[in-house]
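Below are the chains, spelled out letter by letter.
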Amino acid sequence: MEPADVRAFLATIPALADLPEATLAAVAGRLHARYLRAGAAFPPAEPEGETLYLLRTGAVELTDNHGHLLDRLDEGALAGACDGAALQGRVVEDALIYGLPCVEVQHLATDHTELAGALAAGERDRLRAALSAAHQTPGPGGDLAGLAVGDLLKRPAATIAADAPIREAAAAMARAGVSSLLVTDADGALTGIVTDRDLRNRCLAAGRDPGEPVGTIATPEPATVEATESALEALMAMTRLGVHHLPVVRNRHPAGVISSGDLLRLRAGDALYLVGDIRRAEDRTALAGVGERLRELQPQMVAAGADASHVTRAVTAVAEAVTRRLTELAETELTAERGPPPVGWAWITCGSVARGEATAGSDQDNGLVLLEEPDAEGWDWFAEFARRVSDGLDAAGFPYCPGNVMATNPDWCQPLATWREYFRRWTHEPEPQALMHASIFFDLSVTAGTPAAREAVEELRTEFLAWTADHSAFRAALAGNALSRRPPLGFFRQFVVDRSGDHAHTLDLKRDGLIPIVDLARIHALGAGLRENATLDRLRALGTDSMNAGDAAELADAFALLGDLRIRHQTEALRAGERPDNHLDPASLSRLQRHHLKDAFRIIQTHQSALAQRYEAGRFG
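Residues numbered from 1 in each chain as written. Predicted model: local features only at pLDDT ≥ 70, side-chain atom pairs only at ≥ 80, totals over all residues. Heavy atoms only, no water.

As annotated in an unreviewed UniProt entry, the chain carries the name CBS domain-containing protein and comes from Thiohalospira halophila DSM 15071.

## So, the sheet that holds strand S14 (residues 345-350)
Heads up, the rule is: When DSSP finds two or more bridges between two strands, those strands count as paired. The numbering of helices and of strands both runs from the N terminus, where a helix is a DSSP run of H or I of at least 4 residues and a strand a run of E of at least 2. What counts as an axis is a line fitted to C-alpha atoms, over the stretch in contact for a helix, and the angles between N-to-C directions run from 0 to 180 degrees. Should any heavy atoms of two residues lie within 4.5 Å, those residues are considered in contact.
Spatial strand order, S16-S15-S14-S17: four strands in an open sheet with mixed pairing. Bordering the open sheet on either side are strand S16 (413-415) and strand S17 (444-449), each of which pairs with just one other strand. Taking the axes of each pair of neighbouring strands and ignoring which way they run, one obtains an average angle of 30 degrees across the sheet. Strand direction decides the pairing type here: S14 and strand S15 (residues 366-370), joined by five bridges, are antiparallel. Across the sheet, the residue bridging to threonine 349 is asparagine 366, located in S15. Against the sheet, helix H15 (residues 376-395) engages S14, S15 and S16, with an angle of about 155 degrees to S15. Sheet strands in contact with helix H16 (residues 416-428) are S14, S15, S16 and S17, and its direction is about 100 degrees off that of S16.

## Examining the confidence of the model for the chain
The criterion, for reference: A residue's pLDDT is simply how confident the predictor is in it, with values from 0 to 100.
Per-residue pLDDT for the chain has a mean of 85; in total, 89% of the residues score no lower than 70. With pLDDT under 50 throughout, residues 137-142 is counted as low confidence; its partners more than four residues away or in other chains account for ten contacts. Note that residues 617-621 has pLDDT below 50 and, in this model, seven contacts with residues that lie over four places away or in other chains.

## A short note on H16
Using the following cut-off: To estimate the expected span of a helix, subtract one from its residue number and multiply by 1.5 Å. The buried label applies to any residue whose accessible area, calculated with a 1.4 Å probe on protein chains only, is under 20% of its type's maximum; exposed applies above 50%, and partly exposed to all values in between. Arc definition: directions from the helix axis to the C-beta atoms.
With 13 residues, H16 should reach 18 Å at 1.5 Å per residue; the first-to-last C-alpha distance of 18 Å fits that figure. Of all the residues in H16, the buried ones are Leu416, Trp419, Tyr422, Phe423, Trp426 and Thr427. Angularly, the buried residues of H16 cover 120 degrees about the axis, an arc narrow enough to put them on a single face.

## Digging into the side chain of threonine 323
Mapped onto the elements of the fold, threonine 323 is located in helix H13 (residues 308-338). Beyond its immediate sequence surroundings of up to four residues, threonine 323 is in contact with Trp347, Leu393 and Thr447.

## Looking at the packing of helix H1 (residues 3-10) against helix H2 (residues 21-30)
What counts is decided by this rule: What makes a crossing left-handed is the near helix being turned counterclockwise from the far one by less than a right angle; a clockwise turn instead makes it right-handed. When residues are grouped by polarity, Ala, Val, Leu, Ile, Met, Phe, Trp, Tyr, Cys and Pro land in nonpolar, Asp, Glu, Lys and Arg in charged, and all others, Gly among them, in polar.
Following both chains from N to C, one finds H1 and H2 inclined at 115 degrees, their axes separated by 9 Å at the closest point. Viewed along their axes, H1 and H2 form a crossing whose handedness is right-handed. In this structure, H1 uses Pro3, Val6, Arg7 and Leu10 to contact H2, whose residues at the interface are Glu21, Leu24, Ala25, Val27 and Ala28. The residue makeup of the contact of H1 with H2, split by class, is seven nonpolar, no polar and two charged.

## Comments concerning the side chain of threonine 447
Under the convention used in this document: Polar contact is defined as a pair of N or O atoms within 3.5 Å, subject to the rule that within protein one atom must be able to donate a hydrogen and the other to accept it, and that residues adjacent in sequence are counted only when both atoms are side-chain atoms.
Relative to the assigned elements, threonine 447 resides in strand S17. Overall, threonine 447 belongs to the buried group, its relative accessible area being 2%. Within polar-contact distance, the side chain of threonine 447 engages the side chain of threonine 349 at 2.6 Å.

## As for the sheet that holds strand S11 (residues 225-226)
With respect to topology, three strands assemble into an open sheet ordered S11-S12-S13, the strand pairing being mixed. Every interior strand has two partners, whereas the edge strands, S11 and strand S13 (253-259), have only one. As judged from the two bridges shared by S11 and strand S12 (residues 245-250), these two strands associate in the parallel manner. Residue pairing for S12: glutamate 226 is matched across the bridge by valine 249.

Here it is as structure tokens:
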């Protein structure tokens with residue numbers, strides 16, 4: 001082997017292309033070459049034990065234990081992993097391969113640390129390395145994803161013991177110049193929070209004795225954020241909860257309080273303040289500008305170092321806040337015009353918003369659950385109610401659903417008994433239309449409504465989760481429907497792009513990548529009876545329940561990588577003043593990004609194959 005020729009070849013491999021010249025030379029010096037004829041077993045016997053392989057020429061097919069084709073490797077492919085996992089396959093075209101014993105990998109990585117990620121041969125390891133590298137690079141707006149909340153604290157926590165008198169709490173607030181105290185137990189762990197408003201409303205106005213324990217007027221078990229969490233995590237929590245202060249804890253012990261002002265000074269408070277403005281909107285016209293602010297928010301968050309999950313949770317929080325405010329306004333208007341709601345009601349949200357995975361440009365999927373069947377005038381009341389909310393969402397930047405899955409459709413504005421029958425029929429009679437509806441409505445959250453109706457919907461969720469856990473035939477049918485969506489990889493690991501139309505030469509990252517993972521996570525979660533909606537939450541729960549933790553983690557990594565590519569693609573469109581979409585031209589990516597994208601698609605293919613075998617012939621193994 002000519003060292004210069006080998007180095008030049010290594011530089012063409014996406015996983016190695018960005019390595020320093022000295023590192024490439026070190027790798028080239030440790031490789032050994034083998035020539036294998038078509039038909040030969042792969043990998044060959046190796047006297048030095050476990051080995052990584054680089055395919056210089058030819059082609060190799062990898063199979064599982066049943067002889068099913070898993071992958072086809074061609075020039076530049078990396079095969080094997082130094083983790084004990086076995087490979088098996090056959091050479092299908094005369095091949096020249098380079099081998100690097102894993103013991104040599106360990107030696108090289110000692111002097112060339114960047115090799116750890118580059119020579120991760122498995123898709124799982126390469127994706128994990130790629131995500132780690134991507135999120136270690138701060139954006140121009142500041143690395144909020146990497147900034148710990150504890151680093152933003154300006155003073156120690158102001159605390160008081162739960163058994164201290166109320167008057168002592170008032171004096172402590174005055175001395176410290178603060179408007180709240182964190183309440184602790186005998187061990188110093190946080191148990192509650194008391195504010196100056198609590199002193200006024202729960203003590204003075206209520207005529208309580210100021211000698212009583214302060215714990216009796218404190219708000220118990222407040223929402224908190226760990227000191228090690230990122231500033232973006234704190235921002236997301238504030239946005240979701242609609243608060244401007246969060247206690248910061250270290251192992252349940254108070255460390256301080258983070259405020260929205262602290263985050264605003266870091267130029268990251270826009271999501272929180274947008275939600276606050278939405279809640280204060282006096283009419284539907286005031287909400288019409290949300291879409292424009294949302295189109296500004298997503299690029300700002302990406303510039304601040306946010307990953308896809310941070311962005312989608314922020315956009316979801318905005319969507320939920322808009323929906324709640326629109327239902328409040330519509331109810332107030334109709335009550336003044338026609339009287340109060342005829343029966344109890346719950347506004348349900350489905351799809352990406354229910355999963356916490358919305359982006360700028362996501363459309364609306366929703367429905368109305370009525371506690372009882374109203375009379376004719378009552379039906380008219382709710383029809384107008386649904387129209388005003390749906391129109392308001394469209395004006396605020398959340399377009400009408402192309403499939404008409406909205407409360408304005410009479411099919412999706414029904415009494416609780418009808419919804420119960422819907423879910424029963426979808427579960428027990430899983431024909432194609434039922435499976436489509438199940439895929440939408442089984443990701444469900446209650447956004448607004450009367451307390452009794454909201455509670456009834458949660459009880460209905462408990463019922464249908466029990467039905468899905470008991471009906472393997474339904475899950476098998478749902479799996480068959482989900483497996484009709486396959487990642488766009490051809491036989492030779494080439495991207496299969498749309499050939500014509502407005503999106504020619506592109507991949508649909510949502511349809512072809514994210515949705516298949518959403519489907520996989522949903523099917524496994526329904527089988528386990530999990531209540532989680534978000535795909536990453538489902539995968540985390542499955543990793544400690546019914547799915548191998550490593551399998552759940554690699555699907556989560558694939559979902560994260562695809563999500564990041566989608567968010568950044570949409571952000572480029574938003575910055576250019578264009579409508580964001582999910583259609584990405586793979587030619588616009590670097591070689592390394594295309595390599596990682598193929599890894600993500602291969603992970604999906606592997607898990608879809610496993611799902612197909614599990615539900616083969618409608619049987620649940």
